Amino acid sequence: MITADKLIFEYPGLRALDDVSFKIASGSITALVGPNGAGKTTLLRCMAALDQPVSGAINIAGIDVLEQPRDCHRIIGYLSDFFGLYQRLTVRQCLHYVARAQGIFEADCAAAIEDVSRRLHIQDRLENSPAQLSRGLRQRVAIAQAIIHKPPVVLLDEPASGLDPEARHELAELFLDLQAQGMTLLVSSHILAELEAYCTDMLVLRQGRIVEQVAVKAPSLVKPFKLLLANPVENLLPLLQSLPGIKVLNSDNKQQAILQLDGGASQQHQVLKALIALDLTVCEFAPAASNLQDAYLQTIRHSS
Amino acid sequence: MNLNPEFERQLILECSQARLIGATIVLSAVFTLTYFLDDYRLGNITAQAALTLFMLITLLWGTRQSLDSIVEEYRDRTWDIQRLSALGPWQMAWGKLLGSTSMAWYCAGICLLVHALATDNPASLPLLFFYAIGTALLVQSAGLLLGLLAVQRGQLKTGSILILVLVGFIVFMPSLTDLTDTANYLPDNLQISSWYNLTVNAQTLHQISLLCALFWCVMGNYRLLAQDLGLRNLPWAWLGFTLFLVVYLGGFIPSSSYSFSLAAFAVCSVLTYVGVIVERHEPMRIKRLLDYYRQANWRRVGEELPLSALSFALSLPFAIFLSFQEQRYAWLDISLHAYPLAIALLVLRDCAIYLFFCFGKNPQRAFSLSLLSAALLYGILPGLFGAVGMTDISALFFPLWADSAFAALVFAALQCVLILRLLYQRWRKSV
């Protein structure tokens, strides 16, 4: 869906993006993470054809972004980190303007506004001016503007900043809803715990370079299992390795290990049975919870 | 009805019911007063007041509105919404230009209507309306153009730009007073002008000139908006504008290959200065240009080529042609037969000085620093050395003072080499 190839962007005296290449699958929600100044906003602005890189190529849904920026604008929705709203219009007028400017016919505007305001829970604010709204509501209006034309690709720069926990939860639900409708989302954020709720992939950017691209929630992948024993066992690792159908991913001590199972629930049952048969004092055997923050910090530590 | 969304938005902002009623009441009060002053009839005072109000409304208020229509987008951080929309540059240009000034035009329309009712010269009305509306559109379009140029340079305060417009307004005030003289617009008022070898009616020439100026102003807005929307364009419009000016202005001076070349050289040189001042100068743009050049990607080279470079390149053949002519300027008692090349090099030097400051730490001061440098190089330093009898040293700073054309060329070339070297070093540091 999205391909970036050897992207280089430079500010005077600073290479903000350095040979950035990646691919994003259709229908995914990718978290774009990295420390401040890593180049996240620059990357998103290049992808939205708002800034022009020195070299490289970006392709979104078959459109060469750098060659056909206006065609790209029709198929993307973009929420800037520092967005603005038309303060002298009502929310309805703002949405109507953006809908018309995105090529939606006058006759279809009302339905589009109704649909997007329902999704963003701003139906009762349509007659207010954005100046009268809280930061969270303004954020929702800005997101509504970005997706009113139902673009297949949505780029969001820090969409949850300034939102309260409830609004963040609603935002996560909205993103999952958009994903379910076939949209591909790229979300830049610092709040990793919140990204974990909905992201399927993670793109780590550091000093203008892609450090890692990982799938954080891929149903097709075999999930790791955590094994925890009540009592330590001296030869835990060889014991586990002797069992068929499992792979030991990590065994740091004599009481704990991370295993990877080949099959589904029946295989899980067989492994647990085998562990009990070995007289191991199993007190926990369950899928290991993946932690985006841990993965991110580990990646950042490895790269530095 | 599928109206232009930008025009519709501006209409909503400008033409609220309260404003429409308020403006009508205020204008009604003004014209009631002039009606009383005219001895209870629509007479000369009403007609003059209506025309003066029309000019004030369209030229000052309208221009401010068109200027703000773009500057406010930047100030309120809403410009990205428009850049990401499906609106084309043409839709955006006319939507902003006519939408933002819609309220001003509503009031101006009332003024024109009152003038039409009060004038004692109804035969002059069609031409008067043509000039009044055409001039107002031209100035408002120039306001939008100035706004676009200002925001591209990060200038988001309209105060200084408005001062510029106000100064222009005051400078052109005498001509505008002529505009209010309705006798100028009578059909039998025949004045003759010559353009190349053609004898034409001056009014017709003025009308065509006004339409051409309006066309190029709107074209400038279109191209700047297209640039901001990310559309890639070769500099055909600039090239076309240069050729138009050469042909148009060339027609007003005595016709010969020398005078035509002189007009062309002057136009290209002036446009080189204009181009270098109005364009955004980012060191990275030069880097991109050089990268495309190395890749032999000529289309991209054309797109990234600064307009000033194009104008300068166009001026060179004319400078060379003029250098080999034996003609003398009629209004100067000095021979400049080989000086055009030196002048071209001075233009290059001045542009390089401006770019040198643009690539520095305070690019917003580049213009004022360049003016200061020009004052030093053209006036103070040559004057200083000239006053103590060291005319050769004076020519080193202002080569046109040199007695020999070759010496002028050498001095100008030396200055160019020096400043271009400094410019290159500064550019290398900044990328």
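Residues numbered from 1 in each chain as written. Chains lettered and ligands numbered in written order. Predicted model: local features only at pLDDT ≥ 70, side-chain atom pairs only at ≥ 80, totals over all residues.

Turning next to the overall build of chain A. From N to C terminus, chain A includes ten helices and 14 strands. Projected onto its principal axes, the C-alpha coordinates of chain A cover approximately 70 × 45 × 30 Å. Here chain A holds 304 residues, and 39% of them are scored as buried. In chain A, once contacts between residues fewer than 6 apart in sequence are set aside, the share between residues at least 24 apart is 64%. (Helix = DSSP H or I, 4+ residues; strand = E, 2+ residues; numbered from the N terminus. Buried ≥ 20, exposed ≤ 12 C-beta atoms within 10 Å, placed from the backbone. Contact = placed C-beta atoms within 7 Å.)

The subject of this paragraph is the overall build of chain B. Tallying secondary structure elements over chain B gives 19 helices and two strands in all. Projected onto its principal axes, the C-alpha positions of chain B cover 75 × 50 × 40 Å. Here chain B, with 431 residues, has 35% of them falling under the buried criterion. At a minimum sequence separation of 6, the contacts of chain B that also span at least 24 residues come to 73%.

Often the size quoted for an interface is simply the accessible area lost on bringing the parts together. Here the domain parsing of chain A yields domain 1 (2-215) and domain 2 (224-287). Taken over C-alpha atoms, the centre of domain 1 of chain A sits 43 Å from the centre of domain 2 of chain A. (Domains from an automatic or database assignment.)

Another point: the domain arrangement of chain B. Segmentation of chain B into domains returns domain 1 (1-231) and domain 2 (344-431). Between domain 1 of chain B and domain 2 of chain B, the C-alpha centre-to-centre distance is 40 Å.

The subject of this paragraph is the confidence of the model for chain B. Detailed conclusions should not be drawn from predicted coordinates in areas where pLDDT is low. A residue-level look at chain B finds 91% of positions with pLDDT of 70 or above and a mean pLDDT of 87. Across the interface, the model reports ipTM at 0.83; the global pTM reads 0.82. (pLDDT = per-residue confidence, 0-100.)

This brings us to the nonpolar core. Considering soluble globular proteins, one finds that nonpolar side chains tend to be buried as a cluster. One finds A:Leu155, B:Phe54 and B:Cys111 to be the most contacted residues of the largest nonpolar core, which totals 119 residues. Residue contacts for B:Cys111: discarding those within four places in its chain leaves B:Ala50, B:Leu53, B:Phe54 and B:Ile57. If you look at the next biggest cluster of nonpolar residues, it comprises 41 residues, including B:Ala264, B:Leu346, B:Phe397 and B:Phe411. (Core = buried A, V, L, I, M, F, W, Y, C linked by C-beta atoms within 7 Å.)

Let us now look at the sheet that holds strand β5 (residues 63-64) of chain A. Residues and elements named next belong to chain A. Read across the sheet, four strands follow the order β2-β1-β4-β5 without closing on themselves; strand pairing throughout is antiparallel. Bordering the open sheet on either side are β2 (14-24) and β5, each of which pairs with just one other strand. Pairing of strand β1 (residues 2-11) with strand β4 (residues 55-60) involves five bridges; the strand directions are antiparallel. Counterpart to isoleucine 8 in the pairing with β4 is serine 55. The sheet contacts of helix α1 (residues 40-47) involve β1, β2 and β4, and relative to β2 the element is tilted by about 60°. (Pairing = 2+ DSSP bridges. Axes fitted to C-alpha atoms, helices over the stretch in contact; angles between N-to-C directions.)

Okay, the sheet that holds strand β13 (residues 256-261) of chain A next. All names here are of chain A. What the four strands build is an open sheet, ordered β12-β13-β11-β14; its pairing is antiparallel. Each end of this open sheet is capped by a strand with a single partner; those strands are β12 (246-250) and β14 (282-287). Averaged over all neighbouring strand pairs, the angle between strand axes comes to 30°, with direction disregarded.

The residue B:Gln155 is located in the loop between α7 (125-152) and α8 (158-171) in this model. It is 9.7 Å that separates the C-alpha atoms of B:Gln155 and B:Arg75, two residues lying 80 residues apart in sequence.

Another point: the packing of helix α5 (residues 89-100) of chain B against helix α10 (residues 202-228) of chain B. Residues and elements named next belong to chain B. Between α5 and α10, the shortest axis-to-axis distance is 9 Å and the interhelical angle comes to 125°. In terms of orientation, α5 lies oblique with respect to α10. Once α5 is placed against α10, the crossing between them reads as right-handed. Along the contact surface, α5 presents Pro89, Trp90, Met92 and Ala93, while α10 presents Val218, Asn221, Tyr222, Leu225 and Ala226. (Parallel < 35°, antiparallel > 145°, perpendicular 65-115°, else oblique. Left-handed = near helix turned anticlockwise from the far one by under 90°.)

Turning next to the interface of chain B and chain A. Taken together, the 26 residues of chain B in the interface contact 32 residues of chain A. Breaking the side of chain B that touches chain A down by element, the ones donating at least two residues are α1 (5-14), α4 (79-83) and α13 (283-294) of chain B.

Okay, the environment of B:Leu422 next. All names here are of chain B. Tracing the chain through its elements places leucine 422 in helix α19 (residues 405-430). In this structure leucine 422 comes out as partly exposed when scored by C-beta crowding, with 13 C-beta atoms within 10 Å. As for leucine 422 and glycine 383, which are separated by 39 residues in sequence, their C-alpha atoms are 25 Å apart.

Here B:Arg299 shows up in helix α14 (residues 298-304). In this structure, the C-alpha to C-alpha distance between B:Arg299 and B:Trp105, residues 194 residues apart in sequence, is 42 Å.

Notably, A:Lys150 is not glycine yet its phi reads approximately 50°, a positive angle. As for its placement among the helices and strands, A:Lys150 is situated in the loop between α5 (135-147) and β7 (153-157). The backbone phi angle of B:Arg77 is positive, close to 60°, even though this residue is not glycine.

Take α7(B) next. If you check α7(B), its first and last C-alpha atoms are 40 Å apart, about what 28 residues at 1.5 Å a residue would give, namely 40 Å. Residue B:Gly154 follows α7(B) closely and has a positive phi angle near 80°. (Expected span 1.5 Å × (residues − 1).)

Here we come to the pairing of β7(A). Residue and element names in this part refer to chain A. When you tally the buried positions in β7, you get five out of five residues, the bulk of the element. Residues Val153, Leu155 and Asp157 line one face of β7 and the alternating positions Val154 and Leu156 line the opposite face, and both faces are buried. Pairing analysis gives four bridges linking strand β6 (residues 76-79) to β7, with the strands arranged parallel. Bridge pairing in β7 links isoleucine 76 to valine 153. In terms of strand pairing, β7 meets strand β8 (residues 184-188) through five bridges, oriented parallel. Paired with leucine 155 across the strands is leucine 186, a residue of β8. Between the parallel elements β7 and β8, the chain passes through helix α6 (residues 165-180) in a crossover that is right-handed. (Right-handed = clockwise from strand over helix to strand, strands pointing away.)

Moving on, we come to the confidence of the model for chain A. Averaged over chain A, the pLDDT score is 85; the fraction of residues at 70 or greater is 91%. The spread of mean pLDDT over the elements of chain A runs between helix α10 (residues 292-303) of chain A, the lowest at 63, and helix α3 (residues 91-101) of chain A, the highest at 95.

Moving on to the pairing of β2(A). One face of the sheet, then the other: side chains in a regular strand alternate in exactly this way. All names here are of chain A. Here β1 runs beside β2; their pairing, made up of seven bridges, is antiparallel. In the sheet register, threonine 3 faces β2, and the bridge partner there is lysine 23. As consecutive antiparallel partners, β1 and β2 are separated by two residues, and within that stretch glycine 13 has a phi angle of approximately 80°, a positive value.

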